[in-house]
Amino acid sequence: MATKSKKKKSAKKAPGHGKAKAAKPAKAAKPAKIARAVGTDPQRVAAILAKLDQAYPNATCELNHKNAFELLIATILSAQCTDVRVNQVTETLFQKYPDAKAFAFATPGELEQEIRPTGFFRNKTKSVMGASKAMLEKFGGEVPRTMEEILTLPGVARKTGNVVLGTAFGIASGVVVDTHVQRIANRLDLTRNEDPKKIEQDLMQVIPKDRWILFSHQIIWHGRRICQARKPKCVECNLESLCYAKDKTI
Ligand code: SF4
């Protein structure tokens, strides 16, 4: 009896039965999940990286500096300011203040006027002097080489930490997320987040670690030259075939 009953049940589930097939279309209707997965598919990410290599093989930091300390100060000054303007200011600034000791004992009012063209000069003076003092007190006047330590410096957040550790020391501590990376990572479907910390976590998941430093520079270059905020030059963009951004201009 038991054998007969099993046979009857399996016969109901046999392929080709009308009711069993009718349930399948509901499963196929998941386009949103599939589209999200395509954005961070390793093959697609590799294609994006290859295109970036084609377009920007020598991308690097555009802030002029001779050492890690100068890069740290220049990066603090670059908040809400162009690299061109910062380079104009630091050309003479670093002659007068060559190291952490010089900045730590600067006259705040004088330094404020010297960095005024970079904007937000009062806060930046506090950060530059505070970071220099902290480096003198805790790190022998040198820039520390770990993210944990560099974040203890006043005015230094992960973006600055990643710029300095990556560019000056070749240490891949994360991905630099500035306004360009924030915008382009979303346009290229590499993240769905707006918060820089979350974007960085997303990018660290999908971009191979040995590409974090170069990828950051390449995306920043792409943002400055082609994928600009208001009118991206999509006609000139070699990533166009991989981009599904809603604000594409072609
Ligand atoms: S196609 Fe346009 S929006 Fe997409 S990455 Fe290129 S420039 Fe940016």
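Treat the numbers as computed from the prediction; the structure is a model and nothing was measured.

A. Region of interest: the packing of helix α13 (residues 179-187) against helix α15 (residues 212-225). Running from N to C, α13 and α15 cross one another at 90°; their axes reach a closest spacing of 9 Å. By the criterion of interaxial angle, the relationship of α13 to α15 is roughly perpendicular. Along the contact surface, α13 presents His180, Val181, Arg183 and Ile184, while α15 presents Ser216, Ile219, Ile220, His222, Gly223 and Arg224. Looking at the contact of α13 with α15 residue by residue, the class counts come to four nonpolar, four polar and two charged.

B. Spotlight on the packing of aromatic side chains. For the structure shown, the criterion picks out three aromatic pairs. On the numbers, 6.5 Å between centres and 75° between planes, the contact of Tyr56 with Trp221 is edge-to-face. Linking Tyr56 in the loop between α5 (42-55) and α6 (68-77) with Trp221 in helix α15, this pair joins segments that are 165 residues apart in sequence. Judged on exposure class, the residue Tyr56 and its partner Trp221 are both buried. Centre to centre, the rings of Phe69 and Phe103 are 5.8 Å apart; their planes meet at 50°, and the pair counts as tilted. Here Phe103 lies in helix α8 (residues 100-104) and Phe69 lies in helix α6, a separation of 34 residues in the sequence. Here Phe69 matches Phe103 in class, with each residue buried. Here a set of aromatic residues connected by ring pairs shows up, and it is made of Phe69, Tyr97 and Phe103. It is Arg145 that lies over the ring of Phe169; its NZ or CZ is 4.0 Å from the centre. A cation over a ring is seen here: Arg225 above Trp221, with NZ or CZ 4.0 Å from the ring centre.

C. Main features of empty space enclosed by the protein. Inspection of the entire model under this criterion finds two cavities of 30 Å³ or more. A volume near 130 Å³ is recorded for the largest cavity. Around the largest cavity sit 16 residues that line it, and His222, Cys227, Cys234, Cys237 and Cys243 are the ones nearest its centre. Taken as a whole, the second largest cavity encloses approximately 50 Å³ of empty space.

D. Focus on the pattern of salt bridges. For the structure shown, the criterion picks out 11 salt bridges. Of the charged contacts, one joins Asp83 and Arg224 as a salt bridge, the two residues approaching to 2.9 Å between their closest N and O atoms. Separated by 141 residues along the polypeptide, Asp83 in helix α7 (residues 83-96) and Arg224 in helix α15 bring together distant segments of the chain. Here Asp189 ties to Arg192 by a salt bridge, and the two come within 2.8 Å at their closest N and O atoms. With a relative accessible area of 13%, Asp189 lands in the buried category. Beyond isolated ion pairs, a larger network of salt bridges with shared partners links Glu62, Asp83, Arg224 and Arg225.

E. Here's a closer look at the nonpolar core. Within the largest apolar cluster, 66 residues are counted, with the highest numbers of intra-cluster contacts made by Phe103, Leu111, Leu153, Leu203 and Phe215. In terms of residue count, α6 provides more of this core than any other element does, eight residues in total. Once residues lying within four places of it in the same chain are set aside, the contact partners of Leu203 are Val175, Val181, Ala185, Leu190, Trp212 and Phe215.

F. Layout of the side chain of Arg211. Secondary-structure assignment places Arg211 in the loop between α14 (196-206) and α15. For Arg211, a relative accessible area of 14% translates into the label buried. The contact partners of Arg211, leaving out residues within four places of it in the chain, are Leu49, Asp53 and Gln218.

G. Expanded view of unusual backbone geometry. A positive phi angle, near 55°, is found at Gln80, a position not held by glycine. Residue position: Gln80 is located in the loop between α6 and α7. Although it is not a glycine, Phe120 adopts a positive phi angle of roughly 45°. Looking at where Phe120 falls in the secondary structure, it is placed in the loop between α9 (108-115) and α10 (121-139).

Rules used throughout
Residues numbered from 1 in each chain as written. Predicted model: local features only at pLDDT ≥ 70, side-chain atom pairs only at ≥ 80, totals over all residues. Heavy atoms only, no water. Axes fitted to C-alpha atoms, helices over the stretch in contact; angles between N-to-C directions. Helix = DSSP H or I, 4+ residues; strand = E, 2+ residues; numbered from the N terminus. Parallel < 35°, antiparallel > 145°, perpendicular 65-115°, else oblique. Contact = heavy atoms within 4.5 Å. Nonpolar A, V, L, I, M, F, W, Y, C, P; charged D, E, K, R; others polar. Phe/Tyr/Trp six-rings, centres within 6.5 Å; stacked < 30°, edge-to-face > 60°. Buried < 20%, exposed > 50% of the residue type's maximum accessible area, 1.4 Å probe, protein only. Lys NZ or Arg CZ within 6 Å of the ring centre and 35° of its normal. 1 Å grid on protein atoms, 1.4 Å probe; cavity = no way out; pocket = protein on both sides within 12 Å on 5 of 7 lines; lining within 4 Å. Points joined across faces, edges and corners; volume = space filled by probe spheres on them. Salt bridge = Lys/Arg side-chain N within 4 Å of Asp/Glu carboxyl O. Core = buried A, V, L, I, M, F, W, Y, C linked by side-chain atoms within 4.5 Å.

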